[in-house]
2 protein chains.
Amino acid sequence: MHISSRQDRLHAFMEACRRQNLKITPQRIAVYKALMDNTRHPSADDVFQRVRKDFPRISFDTVNRTLLTFTEAGLIHILETPGGPRRFDPDTSSHHHFHCIRCGRIIDFCHDLYDKLELPEEMEKEFRILKKTVVITGYCDRCRGSESAS
Amino acid sequence: MHISSRQDRLHAFMEACRRQNLKITPQRIAVYKALMDNTRHPSADDVFQRVRKDFPRISFDTVNRTLLTFTEAGLIHILETPGGPRRFDPDTSSHHHFHCIRCGRIIDFCHDLYDKLELPEEMEKEFRILKKTVVITGYCDRCRGSESAS
DNA sequence: GTGATTGCAAACCTTTTGCACGCCA
DNA sequence: TGGCGTGCAAAAGGTTTGCAATCAC
C-alpha cells in the first residue's frame, strides 16, 4: 500500500536504478514522478501527455522506452488487456482486474483470497514467476444494459 | 473439454447464431471452422491466413469483424495480453494463462482450484461476468536464464 | 424486399527501428 | 572518456471506419 511519501518513493526509485545499473536522468525522474501521480492505468501516451507539462522537451519515444525499461526492472507492471494500446500499472502491490469488454474500462479490486492463491507447483519449479492476477471479464455496471442492444 | 465431434460443434455454432439473430453466412462458417482447427491463440491475421486457404476471396475485415461478433456472442473469448495484437481464444472452457514477458509465449494451464474460485459478491451483483481467469506473468523455462542478461 | 453482412480502401493509432548527438557516471 | 540514454523521423503493424454492393432470411 502507498503509505510511503513521495520523497521516500522517489528515493527508493533511485536506489532501484543504481541497483540495476540504470542511469538516473532527468527524463526518468520525470516519468517516475508522473507515474506516482497517476494511479489509474495509463497508456504510454497518457504518461507522455502528463510528463510533457513539466518537461516540454521530452520525446514520446523516451517516455515509451523508459516505461519498458521500468517494466524490465520490475518498477511497474504491464497490464493484461484485451488488445488495444499497452497499459502500464504503477501499482505493483497485489491486486486484481475487471475488464469491461464494451467500454474497455479496467477496474482494480482487492481480494485477500485471490492474493493468497498458491501457484501451481510445477510452474513454480520451471518458471520464474513475477506476478499473479485474477482477471474477470464481462460488462460493467454502466454497460450491462446495452449488451443485447447491438 | 472437446469430446464433441466437428459436426456437433458446427451444429451447435449454427444454433447459437440463430439464437442470437446472426445470419449464417459462408464466411462465418469458414471462420468458425478455422477456429476449430486452431487450438492455439490466434491473432485476427492468423485466422485470416488460415481461412484464406479454403476461402480465397474473403477479406481481412470480414474475418476481424466476425471474430469480434463471435466474441460478443460468447462463442470465443479475447485473450488478456500485455499489449501487441489482439489474440482470440476458441477454447471457452475454464482455463488459465501464463505469459512470458520475454518471448511473449502464452501457455494454457488447467487448475481445478482456480476454476472453483468464487467471484466477489458485489461484482456479481453489479456486473455481468463472462469469464474469470488467473493470469500468471514471468519468465518461461526457455527464458528464465536470460532475464538478467540485458 | 429488407436489413444485415461483406469487400475494399483509406485513415488512424500505437509501437518499433536506426542513427547521430548529448549526458551521466 | 565511454557507453548508456535521448530525440527525431520514418516505417511497420494492427485496428477502425465509411460506403456501396451483395446476400441470407
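Keep in mind it's a predicted model, so treat the numbers as computed, not measured.

## A closer look at the nonpolar core
Residues and elements named next belong to chain A.
- Of all hydrophobic cores here, the largest spans 25 residues; its most connected members are Val31, Val47, Val51, Leu67 and Phe70.
- When contributions to this core are tallied by element, the ones reaching two or more residues are helix H1 (6-19), helix H2 (26-37), helix H3 (44-54) and helix H4 (60-72).
- Considering every element that reaches this core, the biggest residue donor is H2, with six residues.
- Among residues more than four places away in sequence, those in contact with Leu67 are Val31, Leu35, Ala44, Val47, Ile76 and Phe88.

## Some thoughts on the relation of the copies chain A and chain B
- The operation relating chain A to chain B is a screw motion whose rotation component is 179 degrees, with 0.1 Å of axial translation and a residual RMSD of 0.2 Å. The two molecules are tied by a two-fold rotation axis, judged by turn and shift.
- A shared interface surface links the copies, since 100% of the contact residues of chain A are contact residues in chain B too.

## Here we look at the protein's contact with DNA strand D
- Near DNA strand D you find 21 residues, and of these Thr25, Arg28, Asp61 and Thr62 of chain A together with Arg86 of chain B are the closest.
- A share of 66% of the atoms of DNA strand D within 4 Å of the protein falls on sugar and phosphate groups.
- In this structure, Thr25 of chain A approaches DNA strand D through a side-chain N or O atom, which is 2.8 Å from a phosphate oxygen.
- A distance of 2.9 Å is found between a phosphate oxygen of DNA strand D and a side-chain nitrogen or oxygen belonging to Arg86 of chain B.

## Here we look at the side chain of Lys131 of chain A
- Secondary-structure assignment places Lys131 of chain A in strand S5 (residues 128-139).
- Of the residues examined, Lys131 of chain A reaches a relative accessible area of 14% and is grouped as buried.
- Within polar-contact distance, the side chain of Lys131 of chain A engages the backbone oxygen of Ile78 of chain A at 3.1 Å.
- Setting aside residues up to four positions removed in sequence, Lys131 of chain A forms contacts with His77, Ile78 and Glu80 of chain A together with Val135, Ile136 and Thr137 of chain B.

## Structural notes on the interface of chain A and chain B
- Of the residues lining the interface, 41 residues belong to chain A; the matching set on chain B comes to 41 residues.
- Roughly 3600 Å² of surface becomes buried between chain A and chain B when both sides are summed, with 57% attributable to carbon and sulfur atoms.
- Contact with chain B buries surface across chain A, with Glu80, Phe127 and Arg128 of chain A losing the most and accounting together for 17% of the total.
- Scanning the region where chain A abuts chain B turns up zero salt bridges.
- At the boundary of chain A with chain B, the tally comes to 15 residue pairs in polar contact (both at pLDDT 80 or more).
- Breaking the side of chain A that touches chain B down by element, the ones donating at least two residues are strand S3 (96-100), strand S4 (106-109), helix H6 (121-126) and S5 of chain A.

## What about the packing of helix H2 (residues 26-37) of chain B against helix H3 (residues 44-54) of chain B?
Residues and elements named next belong to chain B.
- One way to put it is that H2 packs onto H3 with a least axis distance of 9 Å and a crossing angle of 110 degrees. Between H2 and H3, the angle is such that the two are roughly perpendicular. For the pair H2 and H3, the sense of crossing is right-handed. Residue-level inspection shows Ala30, Val31, Ala34, Leu35 and Asp37 of H2 in contact with H3, the latter providing Val47, Arg50 and Val51.
- Its residues assigned to classes, the contact of H2 with H3 comprises six nonpolar, no polar and two charged.

## Topic: the pattern of salt bridges
All names here are of chain A.
- Inspection of every chain in the model, using the stated rule, returns ten salt bridges over all chains.
- Here Arg6 and Asp37 are joined by a salt bridge, their closest N and O atoms 2.6 Å apart. Of this pair, Arg6 sits in helix H1 while Asp37 is found in helix H2, placing the two residues 31 residues apart along the sequence.
- For Asp37, a relative accessible area of 38% corresponds to the partly exposed category.

## Some details on the environment of Cys100 of chain B
All names here are of chain B.
- Tracing the sequence through the fold places Cys100 in strand S3 (residues 96-100).
- In this structure Cys100 comes out as buried when scored by relative accessible area, which is 3%.
- Taking the C-alpha atoms as reference points, Cys100 and Arg142, separated by 42 residues in sequence, lie 9.4 Å from one another.
- For Cys100, the contacting residues outside a window of four places in its chain are Arg105, Gly138, Tyr139, Cys140 and Cys143.

## Notes on the packing of aromatic side chains
- Taken as a whole and assessed by the stated rule, the structure comprises twelve aromatic pairs over all chains.
- Relative to Phe70 of chain A, the ring of Phe13 of chain A has its centre 5.3 Å away and its plane inclined at 75 degrees; by these criteria the two rings are edge-to-face. Of this pair, Phe13 of chain A sits in helix H1 while Phe70 of chain A is found in helix H4, placing the two residues 57 residues apart along the sequence.
- Phe13 of chain A gets classed as buried once you look at its relative accessible area, which sits at 1%.
- With a relative accessible area of 0%, Phe70 of chain A lands in the buried category.
- Centroid distance Phe109 of chain B to Tyr114 of chain B: 6.1 Å. Interplanar angle 70 degrees. Geometry classified as edge-to-face. Like Tyr114 of chain B, Phe109 of chain B is buried.
- Through pairs of rings, three or more aromatic residues link up here, namely Phe13, Tyr32 and Phe70 of chain A.

Cut-offs and rules
- Residues numbered from 1 in each chain as written.
- Chains lettered and ligands numbered in written order.
- Predicted model: local features only at pLDDT ≥ 70, side-chain atom pairs only at ≥ 80, totals over all residues.
- Heavy atoms only, no water.
- Core = buried A, V, L, I, M, F, W, Y, C linked by side-chain atoms within 4.5 Å.
- Buried < 20%, exposed > 50% of the residue type's maximum accessible area, 1.4 Å probe, protein only.
- Helix = DSSP H or I, 4+ residues; strand = E, 2+ residues; numbered from the N terminus.
- Contact = heavy atoms within 4.5 Å.
- Least-squares fit on C-alpha atoms with pLDDT ≥ 70 in both.
- Near = heavy atom within 4 Å.
- Polar contact = N/O pair within 3.5 Å; in protein donor to acceptor, adjacent residues only side chain to side chain.
- Buried area = accessible area lost by both parts, 1.4 Å probe.
- Salt bridge = Lys/Arg side-chain N within 4 Å of Asp/Glu carboxyl O.
- Axes fitted to C-alpha atoms, helices over the stretch in contact; angles between N-to-C directions.
- Parallel < 35°, antiparallel > 145°, perpendicular 65-115°, else oblique.
- Left-handed = near helix turned anticlockwise from the far one by under 90°.
- Nonpolar A, V, L, I, M, F, W, Y, C, P; charged D, E, K, R; others polar.
- Phe/Tyr/Trp six-rings, centres within 6.5 Å; stacked < 30°, edge-to-face > 60°.

So far we have only geometry, and geometry alone does not tell us how the molecule works.
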